[in-house]
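One letter stands for each residue in the lines below.
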Amino acid sequence: MLGVASGHESLRSAAAPDPRFAGLREAAKVTLCDERTMRAIDAHLRETYSGGYVAHSRRTVLRGGTVVDGQRQRTRAADVAIEGERITIVGTVDDHPRDTVIDCTGRLIMPGFIDAHAHLEGAVFDPDVQHAMLRQGITSVICGQDGVSYVPGDTGWASQYFAAINGPHPTLAGPRVRDALASYDNATAVNVGLLVPAGNVRHAVMGMDTGRASARQLTQMKRMVKDGLADGALGLSTGLDYVPGLFADAEEIARLCEPVAAAGAVYVTHMRGGYEANSEFGVREVARILERTGVRGHISHFHLPAAEGRRLLSDLTAAGHDVTFDMYPYTRGCTLLAMALLPPEYSALSVDDAVARLQDTRERQRLMSEWFPQVAQKASLGPAWPSMITIAHAPHLDWMWAEGLTLEDVARRMGSTVVNTVLDLLIELRLEVSAVMAVRDQRPDADLAKLFSHDAYLAGSDGIVLGGSPHPRAFGAFARLLTTFVGRSFTWAGAAMHLSGRTAARFGLGDRGAVRPGWIADLAIVSPAHVRDEATYDRPRQLATGIDDVFVAGTHVLAGGALTQERPGRGLRRTAAAR
């Protein structure tokens, strides 16, 4: 094995440079490799060709492109050679008749992009979803977000609660993180990393108890977190506007972060309080948790005005906290319809109990007279909310026609009031409804650009692909970052760092996230003149253009814009401390 995280064993076993590999070593010098990497290449070649060296066997050469390495603010013209799952040369690569050559003239050779926040842990097995990811250059996704996923614990509860966000997992065969990670090995074209979702942990120990955890319960929960990290999880996630994370106080979360800090992993949080104008409340809680534990932090979908976001990030840095964040390049959001429109106490109910309560005539009247007038007072929505919420996912034959329509339009077609329509929809679909949410004051791209340019920014789509009219961010976020924000927020070299290199380092992904000899060949070949996001709110499943060739672990998974049907993806286990 080569690379920063895993190369030490090879380095210790490497003898003096082998004269048979002098030509390769000379080519590698063009890449400014240090001696440690050169010796690793020697060891790798001995192992690969122990039966006798055959020059350039099974090699792919990306020729004539511009390398954007993901680690430095520079680009350079260079060829890239791939053997097995690793990059062997970045520089001048001599011709050989056995090589498979891909002409990269006019294109950028970039590290495969890493989506720091996605809800694809179930959907990623779908070839159409893989195609959508690869057409944006995404080779890895980090899931287990917002404190709720399939593992650890009761898969049935999490699958039902987040049915409209994550959907089902088709092959999961056990309750642990290691079981979920194993399900991705050679089963998909892209890699999948997982966080330990704190909501699952609390539910496994406390169910829907709204009280504080006892000392014994905290010990049990910490053990589950520790086990998940040992299984290869990349960190811990919370969803503090979802249940049961809603019931956990800062002290409980800090206790769960203790094993995370000890492992050198990351605490990832959907903050409490709803973001935007209320973001400072959530950030202050993040600061308390980080102060208490020393854990590295990451704020999910950090959407708020750029000036306020930069101020809060500066406050965290000034206090000595190590924090990164992700956000997507759109102003509309996507969430569970019930979470957006029902009173908070409904979140603590089981689906059966919530549906029964909504069917009660007196409760329905109470919601109409007392609750829904309050919805019109929400700062993010206001009285025009029926025209601002569009149905994304309504998985029932009697309701699929409503996908892509606003609540106002659906009610009009049904000849009913908006409130009655909402309640009927939630009852008949047993709360499994998601919606795209517009906001009253949509920030311009110029404001978004000021946060994307922050050093702590990592690219994340918050992608949800379920339904006939999902948010376009799953199908276009990374392409939109390249199309709209290169030149405004970062250079192409900066894009490689924000979309790949820094994310790999933050989540301990070892030798991914760079175009360097010895590193895993997760690569996206990007045409800067043609890359474009095509997905819109009206046509959200349109595939991005301008990225036609992608490699995962040295395997050509996207060729000429089409899937090759190869499945070299794997569950990503944490291999290094977060940076």
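Structure's up top.
Residues numbered from 1 in each chain as written. Predicted model: local features only at pLDDT ≥ 70, side-chain atom pairs only at ≥ 80, totals over all residues. Heavy atoms only, no water.

Caption draft 1: Examining the packing of aromatic side chains more closely. Per the counting criterion, the structure on display carries 13 aromatic pairs. Where F113 meets F478, the ring centres are 6.2 Å apart and the plane angle is 25°; that geometry is what we call stacked. One end of the pair, F113, is in strand β6 (residues 113-115); the other, F478, is in helix α19 (residues 473-485), with 365 residues separating them in the sequence. The residues F113 and F478 share a single accessibility class, namely buried. On the numbers, 5.6 Å between centres and 50° between planes, the contact of F325 with Y457 is tilted. Highlighted residues: F325 in strand β13 (residues 323-327) and Y457 in strand β17 (residues 457-459), separated in sequence by 132 residues. For F325, a relative accessible area of 0% puts it in the buried group. Taken together, the ring pairs connect F302, F325, F452, Y457 and F485 into an aromatic cluster. (Phe/Tyr/Trp six-rings, centres within 6.5 Å; stacked < 30°, edge-to-face > 60°. Helix = DSSP H or I, 4+ residues; strand = E, 2+ residues; numbered from the N terminus. Buried < 20%, exposed > 50% of the residue type's maximum accessible area, 1.4 Å probe, protein only.)

Caption draft 2: Structural view of the pattern of salt bridges. The full count for this structure, using the stated rule, is 38 salt bridges. Taking the shortest distance from any N to any O, the salt bridge between R63 and D79 comes out at 3.1 Å. Placement of the pair is R63 in strand β1 (residues 59-68) and D79 in strand β2 (residues 75-83), with a sequence separation of 16 residues. A relative accessible area of 11% means that D79 is categorised as buried. Between R86 and D511 there is a salt bridge, with its nearest N and O atoms 2.3 Å apart. Of this pair, R86 sits in strand β3 (residues 86-91) while D511 is found in the loop between α20 (492-506) and β18 (523-526), placing the two residues 425 residues apart along the sequence. (Salt bridge = Lys/Arg side-chain N within 4 Å of Asp/Glu carboxyl O.)

Caption draft 3: Main features of the layout of surface pockets. Computed from the structure, the largest pocket encloses a volume of approximately 1,400 Å³. Looking at the largest pocket, it is lined by 45 residues, and the ones nearest its centre are D241, G274, Y275, E276 and S380. Listing elements by their share of the lining of the largest pocket, those giving two or more residues are β14 (333-336) and α12 (337-341). Its residues placed into classes, the lining of the largest pocket shows 22 nonpolar, 13 polar and 10 charged. The volume enclosed by the second largest pocket comes to roughly 420 Å³. Forming the walls of the second largest pocket are 23 residues, and the residues nearest its centre are Q160, Y161, L349, V351 and L431. For the lining of the second largest pocket, the secondary structure elements donating two or more residues are α5 (155-161), α12 and α13 (351-359). (1 Å grid on protein atoms, 1.4 Å probe; cavity = no way out; pocket = protein on both sides within 12 Å on 5 of 7 lines; lining within 4 Å. Points joined across faces, edges and corners; volume = space filled by probe spheres on them. Nonpolar A, V, L, I, M, F, W, Y, C, P; charged D, E, K, R; others polar.)

Caption draft 4: Just helix α9 (residues 250-263), in detail. For α9, built from 14 residues, the straight-helix expectation of 20 Å at 1.5 Å per residue is met to within 8% by its first-to-last C-alpha distance of 20 Å. Of all the bends found along α9, the most pronounced is centred on C257 and spans about 35°, while P259, a proline, follows it within four residues. For α9, the full list of buried residues reads A250, E252, I253, A254, L256, C257, P259 and V260. Elements that come into contact with the buried residues of α9 comprise α7 (198-206), α8 (215-230), β10 (235-239), β11 (266-270) and α10 (279-293). G264 sits one or two positions beyond α9 and adopts a positive phi of about 75°. (Expected span 1.5 Å × (residues − 1). Bend = angle between axes of the 7 residues up to and from the residue. Contact = heavy atoms within 4.5 Å.)

Caption draft 5: The pairing of β13, seen in detail. Burial within β13 is extensive, with 5 of its 5 residues counted as buried. Residue alternation in β13 divides its side chains into two sets, V323, F325 and M327 and T324 and D326, and both sets are buried. Relative to β13, strand β12 (residues 296-299) is paired through 3 bridges, and the arrangement is parallel. When the sheet's bridge partners are listed, G297 is paired in β13 with V323. For the handedness criterion, the β-α-β arrangement of β12, helix α11 (residues 306-318) and β13 is classed as right-handed. With 3 bridges connecting them, β13 and β17 associate as parallel partners. Paired with M327 across the two strands is A459, which belongs to β17. (Pairing = 2+ DSSP bridges. Right-handed = clockwise from strand over helix to strand, strands pointing away.)

Caption draft 6: View of the packing of α7 against α8. Packing of α7 against α8 brings their axes to within 9 Å, and their N-to-C directions diverge by 135°. The orientation of α7 relative to α8 falls into the category oblique. Along this stretch, α7 crosses α8, giving a crossing that reads as right-handed. Contacts between α7 and α8 pair V201, R202, A204, V205 and M206 from the former with Q217, Q220, M221, M224 and V225 from the latter. Grouping the amino acids of the contact of α7 with α8 by side-chain chemistry returns 7 nonpolar, 2 polar and 1 charged. (Axes fitted to C-alpha atoms, helices over the stretch in contact; angles between N-to-C directions. Parallel < 35°, antiparallel > 145°, perpendicular 65-115°, else oblique. Left-handed = near helix turned anticlockwise from the far one by under 90°.)

Function cannot be read off these values alone, since they describe shape.
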